[in-house]
Structures are given as structure tokens and as C-alpha cells.
Amino acid sequence: MSGLRGGVDLGGTKIQTVTQDEGDKVVGEARRPTPTTGGPQAVAEEIVETLLEAATAAVVESSSLVGVGVGSPGAVDSGSGVVEAARNLSEWDAPFPLGPTLEAALDTKVVLANDVQVGIEAEFALGAGREFSSLLGVFWGTGVGGGLILDGKPWLGRGAAGEIGHMVVRRGGARCSCGRLGCMEAYAGRAAMEARARKLLKEGERTELFKIMKERDRTRLQSGIWARALKRKDPLAVALIDRAIKALGAGIASAVNLLDVEAVVIGGGLGTRLGAPYVKRIEEAMGPHLFVRERPPAISVAALGDLGGAIGAALLVGRP
Ligand SMILES: [Zn+2]
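Residues numbered from 1 in each chain as written. Predicted model: local features only at pLDDT ≥ 70, side-chain atom pairs only at ≥ 80, totals over all residues. Heavy atoms only, no water.

**Observations concerning the overall build of the protein**
Within the protein, the regular secondary structure consists of eleven helices and twelve strands. Taking 320 residues into account, the globule formula puts the C-alpha radius of gyration at 20 Å, and the protein, at 19 Å, falls close to it. Dimensions of the protein along its principal axes, counting C-alpha atoms only, are 55 × 45 × 35 Å. Counting every position in the protein, which comprises 320 residues, the buried fraction comes to 50%. Partitioning the intrachain contacts of the protein with sequence separation of at least 6 by distance along the chain shows that 61% fall at a separation of at least 24. Here the protein has roughly 15100 Å² of accessible surface; of this, 51% comes from carbon and sulfur atoms. (Helix = DSSP H or I, 4+ residues; strand = E, 2+ residues; numbered from the N terminus. Rg over C-alpha atoms; globule rule 2.2 N^0.38 Å. Buried < 20%, exposed > 50% of the residue type's maximum accessible area, 1.4 Å probe, protein only. Contact = heavy atoms within 4.5 Å. Areas by Shrake-Rupley, 256 points an atom, 1.4 Å probe, with all protein chains shown as cover.)

In C-alpha cells:
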């Protein structure tokens, strides 16, 4: 045994892997695009390749890793290693035995957990949440995910806690990807913002968002494209981000009113890309909605950045 652990952050657009030593230091990393065809089997094969790349960078074979942790989207059964309803991955609605498939290919133990929960636990253990015993993580990306640490322990509820993206910020409001109306994600999720930008473009609004997308050789409005458009003061990008920030302010403040956590950590693709100035604006947008306004929680950007999910996944291996 090398004492090294592997971590995998399985996302809709990329697979990020790390190898970590006993002191939680990252000693190898690799990243590849998530296959968009071929279903779960193709994704599992790409995970193996990406992990082997990170292991090679750390000069170990996958079989000599103590184990590999995987943060996965969708409904994750940690006991059986089965993942289903991972809807932002290709053809992944039906249950697929991801854990057993990876164990067979990598010849080491594989532990799975929900990707957002893994990210928040990483921030709690090693990142922006280190000093606190209660924490709300908000992952502002394609959707808006959330995770909770209460009294020093992850709070999973009955398995579905932390779905802050589906806090209702406007009754009868915009249609969300979940089918309901007025969810925070329907205003702040990158997918919802892109859908609205496309609609407004068709209706004749001017924007450079899609020009930047083509320049960057992308087919979706990824976080970096929003960041570039904001830098150019693109009016539509500015308006949609303002709208997102207002929704985030209302939703996060409502969660804080209920839970009174010590700290809020904002991560996710947009959260980490737009960074501190925008997190400051979310904090300001929360203000008017906070019940105990004179004692707001500490708010910061996720400290582990792009690697947070994979680092958190590697931590799963050591967990009793
Ligand atoms: Zn929703």
C-alpha cells in the first residue's frame, strides 16, 4: 500500500481526479471532459482513465491506492455504489452500479457519495469552513446545489437535505428544471440563465454572450464565458447575473434565518470563477432578508476551488 488515496469529482462537463497523500496533500491530478455519448459505461471508462492519469502523476498504480472516493451527481446509494437519475450526464436515468464497475477496473476499494455533499465536507475539513462548526455550502453552477454541516456533522436529512436551489424565491415564478415554479435555481442556475439569454436573444436583445461562446469554441455558456461578458459590461449578462444575485440573496438568507449557521461558503463553477466581488454582492443581497441582520454569518468563496470536489471525494476513503 502506498498510503495514497484517489478522488474523483464527476461533473456534467468534466471529470476531475486527484491522488492525495496521508497528509491530505494533492500529489497528482488530471482532468478530462465527461463523455456526452455512450451512457454510464463510457463515463465509467473515462473515470478510470482520468484516475490512472492522476495516479501516474503520483507514480503509483491504481491497485496500490488505499481506495478511491467518487463524488457523483444524481441519487447515490453509498452502500451499493449504485447511481441513478444523474440527469446532467448522458443517458443516466436508470440505476448503474458505478462503484462495483470502478472497483473491478481499478482493483481497489471505491466509495461513493453525493457530489455537492462531498464538496461541502472538503471545505469544512480543509477549506473555507475549517474554523466553523456549522456551515451552509452553496454551489452556484449549472444548477444551484447545497450542503450542510450542523454541529460539526454533515446533515443529510433523509437523504435529500441541502437542496437550496429549490427554495422558492418567487411564488408562481419562473419554471425550474425540476418542473416547479419560482425555485432559486430557475433564476440563478447557469442552465436557466442560458435558456433565458437564448430566449431574449431571439426576441432581439443584444448580447455578446454567444459571440464569446463561439470564440471560445464552446457550445454552452460556461462560467468563464459569463465572466468575460461581465468584464465587457455586456448589458444582458449584467442583467441576468443581477437577477441571479437577487435570487441567491433571498434564498440563502431564508436558509440562514432557519438554520442560523456560522458561515456560508459559495462554490461551484460560477461561484469560484466570479469570486470574491460577486460573493460580496450576494452578501449585500442577503442583507434585507436576514431576520437577525446585525449578526450575519461569515460569507466566503470556496477555498479549494476547482479541485474541491475531488479532494473531498478522496477524504471519503479515510472515513469510518
Ligand atoms: Zn426547482
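**Digging into the packing of aromatic side chains**
Counted according to the given criterion, the structure contains one aromatic pair. Relative to F96, the ring of W92 has its centre 5.5 Å away and its plane inclined at 80 degrees; by these criteria the two rings are edge-to-face. (Phe/Tyr/Trp six-rings, centres within 6.5 Å; stacked < 30°, edge-to-face > 60°.)

**Quick notes on the pattern of salt bridges**
Taken as a whole and judged by the stated rule, the model has 13 salt bridges. The shortest N-O distance in the salt bridge between E194 and R198 comes to 2.7 Å. Of this pair, E194 and R198 both sit in helix α5 (residues 190-202), separated by four residues, roughly a single helical turn. Among the residues examined, E194 registers a relative accessible area of 6% and is labelled buried. Among the charged side chains, a network of salt bridges with common partners joins E208, K211, E215 and R232. (Salt bridge = Lys/Arg side-chain N within 4 Å of Asp/Glu carboxyl O.)

**Some details on the side chain of T19**
Its place among the elements puts T19 in strand β2 (residues 14-20). Taking relative accessible area as the criterion, T19 reaches 0% and is therefore assigned buried. A polar contact of 3.2 Å, which involves the side chain of T19, links it to the backbone oxygen of A54. When neighbours within four sequence positions are excluded, T19 is seen to be in contact with R5, G6, K25, V26, V27, G28, A54, A55, A58 and L65. (Polar contact = N/O pair within 3.5 Å; in protein donor to acceptor, adjacent residues only side chain to side chain.)

**Examining the environment of G152**
The topology assignment puts G152 in the loop between β9 (144-150) and β10 (153-154). On the basis of relative accessibility, which here comes to 31%, the residue G152 falls in the partly exposed class. Taking the C-alpha atoms as reference points, G152 and S134, 18 residues apart in sequence, are found 6.1 Å from one another. Discounting residues that sit within four places of it in the chain, G152 has contacts with F124 and S133.

**What to know about the coordination of the zinc ion**
Within the protein, the zinc ion binds to H166 (ND1), C176 (SG), C178 (SG) and C183 (SG); these donor distances fall in the range 2.0 to 2.4 Å. Taken together, the four donor atoms coordinating the zinc ion span angles of 104 to 115 degrees at the metal, a pattern that classifies the geometry as tetrahedral. Each donor residue of the zinc ion lies on the same chain, and together they follow the pattern H-x9-C-x1-C-x4-C. A residue pair is termed long-range when its members are at least 10 positions apart, and H166 in the loop between β10 and α4 (185-188) and C183 in the loop between β10 and α4 qualify at 17 residues. (Donors = N, O, S within 2.8 Å, 3.2 Å for Na, K, Ca; no water. Tetrahedral: all angles 85-135°; square planar, octahedral: opposite > 155°, others 65-115°.)

As far as function goes, none of this settles anything; it's purely spatial.
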